[in-house]
Amino acid sequence: MPEPRAITAFAWIATHPWLYPLLEALHVVGIALLLGSLAVLELRVWGFGAALPVAPLARLALPLTLAGFGLAAFTGLTMFISQPGELLANRVFAVKMVLLMLAGLNAASFHARGGLQSLDRVARAQTLISLGLWGAVIICGRWIAYS
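Scoring rules and cut-offs
- Residues numbered from 1 in each chain as written.
- Predicted model: local features only at pLDDT ≥ 70, side-chain atom pairs only at ≥ 80, totals over all residues.
- Heavy atoms only, no water.
- pLDDT = per-residue confidence, 0-100.
- Helix = DSSP H or I, 4+ residues; strand = E, 2+ residues; numbered from the N terminus.
- Contact = heavy atoms within 4.5 Å.
- Patch = residues over 30% accessible without salt bridge, like charges linked within 9 Å, V, L, I, M, F, W, Y side chains within 5 Å.
- Areas by Shrake-Rupley, 256 points an atom, 1.4 Å probe, with all protein chains shown as cover.
- Salt bridge = Lys/Arg side-chain N within 4 Å of Asp/Glu carboxyl O.
- Buried < 20%, exposed > 50% of the residue type's maximum accessible area, 1.4 Å probe, protein only.
- Phe/Tyr/Trp six-rings, centres within 6.5 Å; stacked < 30°, edge-to-face > 60°.
- Lys NZ or Arg CZ within 6 Å of the ring centre and 35° of its normal.

## Describing the confidence of the model for the protein chain
On average, residues of the protein chain carry a pLDDT of 94, and 95% of them reach 70 or more. Within the protein chain, helix α6 (residues 91-112) carries the highest mean pLDDT (98), whereas helix α1 (residues 5-8) carries the lowest (58).

## Focus on the environment of Gly 68
Note that Gly 68 resides in helix α4 (residues 54-82). Taking C-alpha positions, Gly 68 is 4.4 Å from Leu 34, a pair spaced 34 residues apart along the chain. For Gly 68, the contacting residues outside a window of four places in its chain are Gly 30, Ile 31, Leu 33 and Leu 34.

## Focus on a nonpolar patch on the surface
Among the surface-exposed residues, Trp 18, Leu 22, Leu 26, Val 29, Leu 33, Leu 60 and Leu 64 lie close enough to one another that they form a single nonpolar patch of about 620 Å² accessible area. Taken together, the elements giving at least two residues each to the nonpolar patch come down to α3 (19-45) and α4. The element contributing the most residues to the nonpolar patch is α3, with 4 residues. With respect to the element layout, Val 29 can be found in helix α3. Residue classification places Val 29 among the partly exposed positions, given a relative accessible area of 42%.

## Looking at the packing of aromatic side chains
Centre-to-centre distance and the angle between the planes together describe a pair of aromatic rings. Scanning all chains against the criterion turns up 2 aromatic pairs. Measuring from ring centre to ring centre gives 6.4 Å for Phe 69 and Trp 134, while their planes differ by 70°; the resulting arrangement is edge-to-face. With a gap of 65 residues between them, Phe 69 in helix α4 and Trp 134 in helix α8 (residues 121-143) connect regions that are remote in the sequence. On the basis of relative accessible area, Phe 69 is assigned to the partly exposed category, the value being 37%. Taking the relative accessible area as the measure of exposure, Trp 134 reaches 13% and is therefore buried. Where Phe 80 meets Phe 93, the ring centres are 5.6 Å apart and the plane angle is 10°; that geometry is what we call stacked. With Phe 80 in helix α4 and Phe 93 in helix α6, this residue pair connects regions lying 13 residues apart in the sequence. Directly above the aromatic system of Trp 46 lies the positively charged group of Arg 124, at a separation of 5.7 Å from the ring centroid.

Rendered as C-alpha cells:
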C-alpha cells in the first residue's frame, strides 16, 4: 500500500545533500543539551556538588533540558516525516519510541512527586532510571541506521 501523498511529499528531505545531515547534527545538539543538563541536575540529586542549591540549579538546567528535548523532537519528527514507512517498519525505532515514552513518564513522575524537593531514595532511583532510559534511547537512535 503506498504512503499517503502528504507524507511522501517530504521524502526529498532524506536525500537532500545538506538538509538531512544538518537535521542529524541538530538532533545530536538537542540530545547533548538534554542529557548534559539532565546529568548535572541528577548528579546534584545524588549529592554531588552539595554546595550548589538545588532550586537555582534546576532553574538553570531544566529550561536547557526542555530546549534540548524540543530541538531533538523537532529534528526527529522532521527526519521521521521524510521516511515514515521505513522507520515504522524498523523494530529498533519502535523500541526507541517506547523508551522515549518511558523516559517522559519517569520525568513526569519525578516532578509530580516533588523529587527535587525530597532528594530521597526514590528520587535517586528515578534519576538512575532516567539516565538508563536516555542512554538506551540514544543507543537505539544510532542502531536504527544499522537495522
